[in-house]
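Descriptive analysis of the structure
Given next are the chains, with one letter for each unit.
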Amino acid sequence: MSTIHPEPELAPRRRPSRRGEPTWELGVDAPRQGAWTEEDYLALDSNRLIEFTDGILEFLPMPKLSHARISRFVSDLLRRHVETRQLGEVFWAPVSVRLRSGKLREPDVFFLRTGHPRTADVPDGADLVIEIVSPDAQSRKRDFEEKRVEYAESGIPEYWIVDPETETITVLTLLKGATEYEVSSESKAGDVAASILLPGFVVDVTACFAAGKG
C-alpha cells in the first residue's frame, strides 16, 4: 500500500526570500532572488515599496500614518521652496533612483536640480534625499548605515535622516571630493534643521514631528 506524503512547505514565508530561492513575496512565477534584472524590477506592477540590489528585491515595510504625514509635511515644504525658485523638481516614494548599475532605491523624498541626468525616466542619483526612519531594527540599520554609505558613494550631495523615534533630524553633507558624509547638524525639538545645498530651506523640528502625530 502506498503512503501519501504531505506536500512539502513551499516557502518559509515568515522571513524574506533569499538569493537562489523563489521570490515568495511576489509568487512562484517571479524570477528567483538573485536573478532579477533592472528591467524586471522596473516593470513590476506593485503598490509595495520594493528596492533592488544586484538581482535581489528588498521589500520595505509599508509606511504607517505617522510616517506618511511626516513625508507629506517635509515634501510639501521642500516642493514649495524649490518650485517658487524654479530650482528643479521634488519626488517621493515609490519613484526609484539609480545609485549605480544594479542598485536602485526609493527614497521617501528627493530633489533633482533642473537638468539632472536621467536614463529611461529613472534619475541617476539625486541632489538631496530624505528618509523618514521606520521603527523596526532593519529599517533603522538601512537608513542610518547602509543608505548613508550608498548615497555618499553615489555622490548625492545631501542626505537628511528624519527619525520619529528620537524626534531628531540629521543633515549629512558630502564635501567636494569626499566619499563619506559629514554631519552638518543634528536638530531636535525647538531647533530648525537647515539645508546646506538649498540655502533658505529649513524645517521646524517640533512642527515636523507634531505633523506625524496628526
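In what follows, the structure referred to is the one given above.
All values derive from a computational prediction rather than experimental measurement.

**Structural notes on helix α2 (residues 65–84)**
The end-to-end C-alpha separation of α2 is 28 Å, in line with the 28 Å expected for 20 residues at 1.5 Å each. Looking at α2, one finds that the buried residues are His-67, Ile-70, Ser-71, Val-74, Ser-75, Leu-78, His-81 and Val-82. Looking down the long axis of α2, one finds its buried residues gathered within 125 degrees of arc, a one-sided arrangement. Facing away from the buried side of α2 by over 90 degrees, the exposed positions are Leu-65, Arg-72 and Thr-84. Contact partners of the buried residues in α2: β3 (88–92), β6 (109–113), β9 (128–132), β10 (158–163) and α4 (205–212).

**Overview of helix α3 (residues 137–153)**
The end-to-end C-alpha separation of α3 is 23 Å, in line with the 24 Å expected for 17 residues at 1.5 Å each. Largest kink in α3: about 40 degrees, centred on Lys-147. Listed in full, the buried residues belonging to α3 are Ser-139, Arg-140, Arg-142, Asp-143, Lys-147, Glu-150, Tyr-151 and Ala-152. Directly beyond the C-terminal end of α3, a positive phi value near 85 degrees is found at Gly-155.

**Regarding the sheet that holds β10**
Within a sheet, each strand pairs with its neighbour through backbone hydrogen bonds, oriented either parallel or antiparallel. With respect to topology, 6 strands assemble into an open sheet ordered β3-β6-β9-β10-β11-β12, the strand pairing being mixed. Lying at the two open borders of the sheet, with one neighbouring strand each, are β3 and β12 (182–187). Sheet twist, expressed as the mean angle between neighbouring strand axes with direction ignored, is 15 degrees. Here β6 pairs with β9 via 3 bridges, running antiparallel. Looking at the pairing, Phe-110 lines up with Val-129 of β9. Together, β3, β6, β9 and β10 form the strand contacts of α2, whose direction differs from that of β3 by roughly 175 degrees. α3 rests against β9, β10, β11 (168–173) and β12 of the sheet, and its axis sits at about 175 degrees to β10.

**Examining the side chain of His-81**
Residue position: His-81 is located in helix α2. Excluding residues that lie within four positions of it along the chain, His-81 makes contacts with Leu-87, Leu-198, Pro-199, Gly-200 and Phe-201.

**A short note on unusual backbone geometry**
Glycine aside, residues mostly have negative phi angles, and peptide bonds mostly take the trans form. Here the residue pair Ala-93 and Pro-94 is connected by a cis peptide bond, since its omega of 15 degrees sits within 30 degrees of zero. With respect to the element layout, Pro-94 can be found in the loop between β3 and β4 (97–100). A positive phi angle, close to 55 degrees, is found at Gln-86, a residue other than glycine. Its location among the elements puts Gln-86 in the loop between α2 and β3. The class for Gln-86 is exposed, based on a relative accessible area of 70%. Even without being glycine, Glu-167 reaches a positive phi, approximately 50 degrees. With respect to the secondary-structure elements, Glu-167 resides in the loop between β10 and β11. Overall, the relative accessible area of 26% leaves Glu-167 in the partly exposed class.

Thresholds, definitions, all that
Residues numbered from 1 in each chain as written. Predicted model: local features only at pLDDT ≥ 70, side-chain atom pairs only at ≥ 80, totals over all residues. Heavy atoms only, no water. Helix = DSSP H or I, 4+ residues; strand = E, 2+ residues; numbered from the N terminus. Expected span 1.5 Å × (residues − 1). Buried < 20%, exposed > 50% of the residue type's maximum accessible area, 1.4 Å probe, protein only. Arc of directions from axis to C-beta. Contact = heavy atoms within 4.5 Å. Bend = angle between axes of the 7 residues up to and from the residue. Pairing = 2+ DSSP bridges. Axes fitted to C-alpha atoms, helices over the stretch in contact; angles between N-to-C directions.

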